[in-house]
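# Report on the structure
This is what each chain is made of:
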Amino acid sequence: MIDLTSLTLSGARGLLDRREISSVELTQAHLDRIDRLEPQLNAYIRVTGDIALAQAVRADEAMRRGEAGELAGIPMALKDILSTVGVPTTCGSRILENYVPQYNATVVDRLAASGAVVLGKTNMDEFAMGSSNENSAFGPVHNPWCLERVPGGSSGGSATAVASSEAVYALGTDTGGSIRQPAALTGTVGLKPTYGRVSRYGLVAFASSLDQIGPITRTVADAAAVLGVIAGPDPRDSTALNAPVPDYSAALTGDIRGLRVGIPREYFGDGLDSEVRVVVERAIEVLQSLGARAVPISLPSSEHALSTYYVISPAEAMANLARYDGVRYGLSLPGDDIWSMYALTREAGFGAEVKRRIILGTYVLSAGYYDAYYRKAQQVRTLVRRDFDAAFGEVDVIVGPTTPTPAFPIGAKVDDPLQMYLNDVYTVPINMAGITAVSVPAGLASGLPVGVQIIGRALDEETILRVGDAFERETGHNLLRPPMTAEVSA
Ligand code: GLN
């Protein structure tokens, strides 16, 4: 008897299509597992079991009629920053604890049109600010590979749900690394699409010029399938690109012969854990053994990308978060006058990291400092983009580590924001340039997962997915499961 929670998306698709299992069985198996594991993991803020089972019944009927979409009947999880009509959407914050959206995010509508089953909303760093999930108002998420360690963030709940088989796949969001970094730390696949590839309508905004929605899965093929459903133009988001959506699954030929793989010097310098370095270098050797050619390159501005990100993203965040004022959304604490209502609501509703970013963002945009910080940061952002443009004149993809270290212990970096920010040193430049990258499991370092990051040109998700898929077929690193998961399913 197969363990229904061990299935990939494509594996589940085959069994459902052949009527060997029903969506109701598959969904119930995941809900049972969530019940068993959640006391240890805390990956979900809200489980919507009744809704999931109703969707599963409908999916089974649609499949019987032969009308089912590609994702029909397969249970998944949504990061709790994606608006869901009638279901609270908290963003991991007290200020939105009781906020219920009036409309769905476009990605949620697209999943529904494909017949997806939504198990619930996943835990996250408050307003997607963080790299460890410790900034959630609903408690930290525990890494299934080692419960005392962080799963990464901010999409740590989504990554943990997938890694521990509490969902077949999940959606996360990535502003500076929040899909790829938790994917790397939990041994899952995390894809950040090109800026504008996926509509942001209904994604609660953190830093609007950087935010992007993408899948977290157990295989690259599954990421390709999910991207194909959620990508594409949207009249409700003017930054969603009007480019046709290719058949991503068809791009997974397994053939990467002759491909030029750029190895950026700056991604292998000080700060990279020695064990992570060995794992990533071995991954590059695998790509070479498959016929790819490694080309040393340089991305000279990348060392400034992180500090620049911590000017631009707080500036955008402070503007986006001004709307939580006790009048329109969520929490509202009465005060003597309107000013004290604003202050009391925001003081009680926002956590420490969100307040830090609001203050930072206000500072860099203030009249006396705008030129010195914000304008300068925008100029550096242009340099980061030009580095990638120049590199992609010589190579087809760029490969390096996703993160400098494997998962670290819960509590290790909470008192040192700068150390925490360094987690995203290799992921942030991709958001700054608006291009695409995927993190793929590359093996273990001292028993903890390590991710290799494959970076591609704008709108060239096909090539990075092809490389990731070829790597995965050759190595099978993505098949490694966390020990606790194996015990539970035994
Ligand atoms: N860790 C980064 C931050 O705290 C990135 C977050 C994200 O990608 N949402 O801003």
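Relevant structure appears above.
Residues numbered from 1 in each chain as written. Predicted model: local features only at pLDDT ≥ 70, side-chain atom pairs only at ≥ 80, totals over all residues. Heavy atoms only, no water.

## Comments concerning the overall build of the chain
Quick reminder of the rule: Secondary structure elements are defined from DSSP: runs of H or I of at least 4 residues count as helices, runs of E of at least 2 residues count as strands, and each element is numbered from the N terminus. Computation of the radius of gyration draws on C-alpha atoms, with the globule rule given as 2.2 Å multiplied by the number of residues to the power 0.38. Residue contacts follow a heavy-atom distance rule, with two residues in contact if any of their heavy atoms lie within 4.5 Å.
If you tally the helices and strands in the chain, you get 16 helices and 11 strands. Computed over its C-alpha atoms, the radius of gyration of the chain comes to 21 Å, within 12% of the 23 Å expected for a compact globule of 490 residues. Its C-alpha atoms give the chain principal-axis dimensions of roughly 65 × 55 × 45 Å. When contacts within the chain are restricted to residue pairs at least 6 apart in sequence, those whose partners lie at least 24 apart make up 76%.

## A word on the sheet that holds strand β2 (residues 75-79)
To keep things clear, this is the line we draw: A pair of strands is considered paired only if DSSP assigns at least 2 bridges between the two. Lines are fitted to the C-alpha atoms to define the axes, a helix being fitted only along its stretch in contact, and any angle between axes, read from their N-to-C directions, falls within 0 to 180 degrees.
Strands sit in the order β1-β3-β2-β4-β6-β5-β10-β11-β9-β7-β8 across an open sheet of 11 strands; the sheet is mixed. The strands lining the two open edges of the sheet, one partner per strand, are β1 (44-47) and β8 (293-297). If you compare each strand with its neighbour and ignore which way they point, the axes differ by 30° on average. Where strand β5 (residues 189-192) meets strand β10 (residues 436-445), 3 bridges bridge the pair, whose relative direction is antiparallel. Its bridge partner being in β10, Leu191 is matched across the sheet by Val438.

## Overview of the nonpolar core
For clarity, the threshold we go by: Here, the term nonpolar core denotes a set of buried Ala, Val, Leu, Ile, Met, Phe, Trp, Tyr and Cys residues that are joined through side-chain atoms within 4.5 Å. Using a 1.4 Å probe on the protein chains alone, a residue whose accessible area is under 20% of its type maximum counts as buried, one over 50% counts as exposed, and one in between counts as partly exposed.
By size, the foremost hydrophobic cluster in this structure holds 124 residues, and its most contacted members are Phe127, Tyr169, Leu171 and Phe388. When residues in this core are grouped by element, the largest group, 8 residues, is from helix α9 (residues 302-320). Apart from the residues within four sequence positions on either side, Tyr169 is in contact with Leu9, Leu71, Ile74, Pro75, Met76, Ala77, Leu111, Ala116, Val162, Ile216, Thr217 and Val226. Within the second largest apolar cluster, 17 residues are counted, among which are Tyr44, Ala161, Val162 and Ile216.

## Let's talk about the site of the ligand
Put simply, the rule is: It suffices for a single heavy atom of a residue to lie within 4 Å of a molecule or strand for the residue to be listed as near it. Polar contact criterion, stated in full: a pair of N or O atoms within 3.5 Å, where within protein one must be able to donate a hydrogen and the other to accept it, and residues adjacent in sequence count only if both atoms are side-chain atoms. All accessibility values rest on the Shrake-Rupley procedure with a 1.4 Å probe; residue burial counts only the protein chains present in the view.
Around the ligand, 15 residues are found, and the nearest of them are Gly176, Ser178, Tyr309, Arg357 and Asp424. Tyr309 is positioned with one of its side-chain polar atoms (N or O) 2.7 Å from an oxygen atom of the ligand. Across the complex, the protein chains shield 100% of the 290 Å² of accessible surface that the ligand would expose by itself.

## Some points on the pattern of salt bridges
Threshold: Salt bridge, as applied in this entry: a Lys or Arg side-chain nitrogen positioned within 4 Å of an Asp or Glu carboxyl oxygen.
By the definition in use, this model includes 16 salt bridges. A salt bridge links Glu97 to Arg94; the nearest nitrogen and oxygen atoms lie 2.9 Å apart. Several salt bridges converge on common partners, so that one network encompasses Arg260, Asp396 and Arg457.

## Structural notes on the environment of Gly411
Counting through the fold element by element, Gly411 comes out in the loop between β9 (397-401) and α13 (417-421). For the pair Gly411 and Glu148, spaced 263 residues apart in the sequence, the C-alpha separation amounts to 9.2 Å.

## Section: the pairing of strand β4 (residues 169-173)
When you tally the buried positions in β4, you get 5 out of 5 residues, the bulk of the element. Alternating residues of β4 divide into Tyr169, Leu171 and Thr173 and Ala170 and Gly172, and every residue in both groups is buried. The pairing of β2 with β4 spans 3 bridges and is parallel. Looking at the pairing, Leu78 lines up with Leu171 of β4.

## Topic: helix α5 (residues 156-163)
Summarising burial for α5: 8 of the 8 residues are buried, a large majority. Where α5 is concerned, the buried positions are Gly156, Gly157, Ser158, Ala159, Thr160, Ala161, Val162 and Ala163. Of the residues flanking the end of α5, it is Ser165, one or two places downstream, whose phi is positive at about 60°.

## Section: the pairing of β2
What counts is decided by this rule: A clockwise course of the path from the first strand over the helix to the second, judged with the strands pointing away from the viewer, identifies a crossover as right-handed.
By the criterion of burial, β2 is predominantly enclosed, with 5 of the 5 residues buried. Of the two faces of β2, the one holding Pro75, Ala77 and Lys79 and the one holding Met76 and Leu78 are both buried throughout. Pairing of β2 with strand β3 (residues 117-122) involves 5 bridges; the strand directions are parallel. Each residue of the ladder has a partner; that of Leu78, found in β3, is Lys121. Crossover handedness for the path β2 to helix α4 (residues 106-113) to β3: right-handed.

## Here we look at unusual backbone geometry
Here the bond from Gly153 into Ser154 is cis, since omega is 5°, no more than 30 degrees from zero. Tracing the sequence through the fold places Ser154 in the loop between β3 and α5. Of note, Ala128 is a non-glycine position whose phi angle comes to about 65°, a positive value. Classification of Ala128 as buried rests on a relative accessible area of 4%. Positive phi outside glycine occurs at Ser446, with the angle close to 50°. Along the polypeptide, Ser446 turns up in the loop between β10 and β11 (448-456).

## Considering the packing of aromatic side chains
Selection rule: Only Phe, Tyr and Trp rings take part, Trp by its six-membered ring, and two of them pair if their centres are within 6.5 Å. Stacked means planes under 30 degrees apart, edge-to-face means over 60, and tilted covers everything else.
A complete count under the given rule lists 15 aromatic pairs for this structure. Seen in terms of ring centroids, Phe127 and Tyr324 are 5.1 Å apart; in terms of plane orientation they differ by 40°. Their pairing is tilted. A residue pair is termed long-range when its members are at least 10 positions apart, and Phe127 in the loop between β3 and α5 and Tyr324 in the loop between α9 and α10 (338-349) qualify at 197 residues. Side by side, Phe127 and Tyr324 carry an identical accessibility label, which is buried. Aromatic pair Tyr363 and Tyr373: ring centres 5.8 Å apart, planes at 45°, arrangement tilted. Of this pair, Tyr363 sits in helix α11 (residues 352-365) while Tyr373 is found in helix α12 (residues 370-391), placing the two residues 10 residues apart along the sequence. We classify Tyr373 as partly exposed; its relative accessible area is 35%.

## Comments concerning the packing of helix α7 (residues 220-230) against helix α15 (residues 461-475)
To be explicit about the condition: Should an angle fall under 35 degrees it is called roughly parallel, over 145 degrees roughly antiparallel, and 65 to 115 degrees roughly perpendicular, with every other angle called oblique. Polar here means any residue other than Ala, Val, Leu, Ile, Met, Phe, Trp, Tyr, Cys and Pro, which are nonpolar, and Asp, Glu, Lys and Arg, which are charged; Gly is therefore polar.
Direction vectors running N to C along α7 and α15 enclose 155°, while the axes themselves pass 8 Å from each other. Taken together, α7 and α15 sit at an angle that is classed as roughly antiparallel. For the pair α7 and α15, the contacting residues are Val220, Ala221, Ala223, Ala224 and Leu227 in the first and Glu461, Leu465, Gly468, Asp469 and Glu472 in the second. A class-by-class count of the residues in the contact of α7 with α15 yields 6 nonpolar, 1 polar and 3 charged.

## Focus: the packing of α9 against α11
Contact pair α9 / α11: the axes reach a minimum separation of 7 Å and the direction vectors enclose 100°. With respect to α11, the element α9 is oriented roughly perpendicular. Along its contact with α9, which presents Tyr310, Val311, Pro314, Ala315 and Met318, the element α11 presents Arg357, Ile358, Leu360, Gly361, Thr362, Val364 and Leu365. A per-class count over the contact of α9 with α11 returns 9 nonpolar, 2 polar and 1 charged.

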